[in-house]
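# Geometric and topological summary
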Amino acid sequence: METGLRILFLSALVALSGCQSFHNFIERRQERREERQEEKREQQAAQNGSDDAEQAPPRVIEPEVERRKIKVPKIDSENVELGAVFGALSVEDFGTNPVYGVVAAYHVTEDFFFQAEAGRSEAGKTSFETLGGNIQLLTPDERRFKYYNLALGYNFLPGEVFLGRGRAMTSSFYLLGGIGSVDFAGDQKFAVSFGAGFRVLPTDWLAIHIRMQDRVFDSDLLGESKLTNNLEANIGLTVFF
């Protein structure tokens with residue numbers, strides 16, 4: 001009887017292990033089937049994508065963008081400026097007369113520059129001489145008005161001047177202040193000058209100036225010592241080197 005029970009027990013174990021193996025076999029076949037179906041779907045999707053790309057309609061308008069030609073401005077780096085000025089000088093008590101001179105400047109930075117100038121004018125007659133007839137306070141040589149000056153300039157308002165739509169010129173408003181000497185009426189006097197100007201550059205080497213200055217010095221020519229204000233307005237043309 002014990003032998004029969006052992007045979008029955010062993011038969012049950014064999015049956016259970018066989019069912020488990022059969023179940024694993026079914027699961028593996030199902031997994032392989034799902035993998036094959038997934039590969040087929042991927043291949044079909046790739047084929048459909050290539051067909052859509054081949055069947056895409058061509059572009060109606062092909063963009064043709066023309067590159068814009070850019071002209072780089074040629075700006076010289078010269079710092080020395082030389083030129084001449086011409087204008088009018090109002091000598092206090094002696095009227096307004098033409099003045100001409102030369103000017104030289106050295107630009108230390110974009111904002112500051114030193115300027116040296118020399119000019120000459122001819123003083124007119126005072127009202128006393130005009131009313132007095134033959135009275136002459138000064139000889140012709142003494143009426144020559146000469147000045148020499150060294151000033152410091154400051155470009156306080158740089159900008160541009162536009163001529164129409166296609167041309168722009170560099171410009172700047174600047175202030176001037178300096179010291180020098182005035183040779184007038186047979187005497188040489190210490191003078192202080194201050195003023196302002198406007199500079200515009202039609203090209204990178206040529207500049208046009210419009211300036212206004214006051215030259216102040218002490219004079220006792222009419223019998224009383226006083227500070228005289230001698231206003232000058234001029235137009236200058238300078239060249240950069």
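In what follows, the accompanying structure is described. (Residues numbered from 1 in each chain as written. Predicted model: local features only at pLDDT ≥ 70, side-chain atom pairs only at ≥ 80, totals over all residues. Heavy atoms only, no water.)

### Considering the overall build of the protein chain
Helix and strand content of the protein chain: 2 helices and 8 strands. Walking the protein chain from its N terminus toward its C terminus, one meets helices and strands in the order α-β-β-β-α-β-β-β-β-β. Looking at the protein chain residue by residue over its 241 residues, the buried ones come to 27%. Contacts spanning at least 24 positions in sequence make up 54% of the contacts within the protein chain whose residues lie at least 6 apart. Accessible area of the protein chain: about 17,400 Å², with a carbon and sulfur share of 60%. (Helix = DSSP H or I, 4+ residues; strand = E, 2+ residues; numbered from the N terminus. Buried < 20%, exposed > 50% of the residue type's maximum accessible area, 1.4 Å probe, protein only. Contact = heavy atoms within 4.5 Å. Areas by Shrake-Rupley, 256 points an atom, 1.4 Å probe, with all protein chains shown as cover.)

### Side note on the nonpolar core
Counting 12 residues, the largest nonpolar core consists of L89, V91, F94, V99, A123, L138, F145, Y147, V182, F184, A191 and F217. Among the secondary structure elements, those contributing two or more residues to this core are β4 (144–163) and β5 (167–184). In contact with L138, other than residues within four places in its own chain, are F94, E129, R143, F184, A185 and L221. In terms of nonpolar packing, the next biggest core, distinct from the first, is built from 5 residues, A105, F113, Y174 and L176 among them. (Core = buried A, V, L, I, M, F, W, Y, C linked by side-chain atoms within 4.5 Å.)

### Regarding the environment of V161
Mapping V161 onto the fold places it in strand β4. Remark: the alpha-carbon pair of V161 and S171, spanning 10 residues in sequence, is separated by 6.3 Å.

### Thoughts on the packing of aromatic side chains
Two aromatic rings, taken as a pair, are described by how far apart their centres are and by the angle between their planes. This model, assessed by the stated rule, comprises 7 aromatic pairs. Considering the side-chain rings of F94 and F184, the 5.3 Å spacing of their centres and the 85° angle between planes classify their relative orientation as edge-to-face. Within this pair, whereas F94 is found in the loop between β1 (80–90) and β2 (96–107), its partner F184 is found in strand β5, the two being separated by 90 residues in sequence. With 5.6 Å between their ring centres and 80° between their planes, F113 and Y174 make a pair best called edge-to-face. Of this pair, F113 sits in strand β3 (residues 112–122) while Y174 sits in strand β5, and the two are 61 residues apart along the sequence. (Phe/Tyr/Trp six-rings, centres within 6.5 Å; stacked < 30°, edge-to-face > 60°.)

### Describing the environment of F217
Considering the arrangement of structural elements, one finds F217 in strand β7 (residues 206–219). Separated by 29 residues in the primary sequence, F217 and Q188 place their C-alpha atoms 10.0 Å from one another. Once residues within four sequence positions are removed from consideration, F217 is found in contact with F145, V182, K189, F190, A191, K226, L227, T228 and N230.

### What about the side chain of E232?
Here E232 shows up in strand β8 (residues 226–240). When its relative accessible area of 1% is taken as the criterion, E232 is described as buried. Side-chain polar atoms of E232 contact the side chain of Y147, separated by 3.0 Å. (Polar contact = N/O pair within 3.5 Å; in protein donor to acceptor, adjacent residues only side chain to side chain.)

### Here we look at a negative patch on the surface
On the surface, E27, E31, E34, E35, E39 and E42 cluster together into a patch of negative charge. Relative to the helices and strands, E42 resides in helix α1 (residues 2–54). (Patch = residues over 30% accessible without salt bridge, like charges linked within 9 Å, V, L, I, M, F, W, Y side chains within 5 Å. Salt bridge = Lys/Arg side-chain N within 4 Å of Asp/Glu carboxyl O. Lys, Arg positive; Asp, Glu negative; His and termini not counted. Charge placed at Lys NZ, Arg CZ, Asp CG, Glu CD.)

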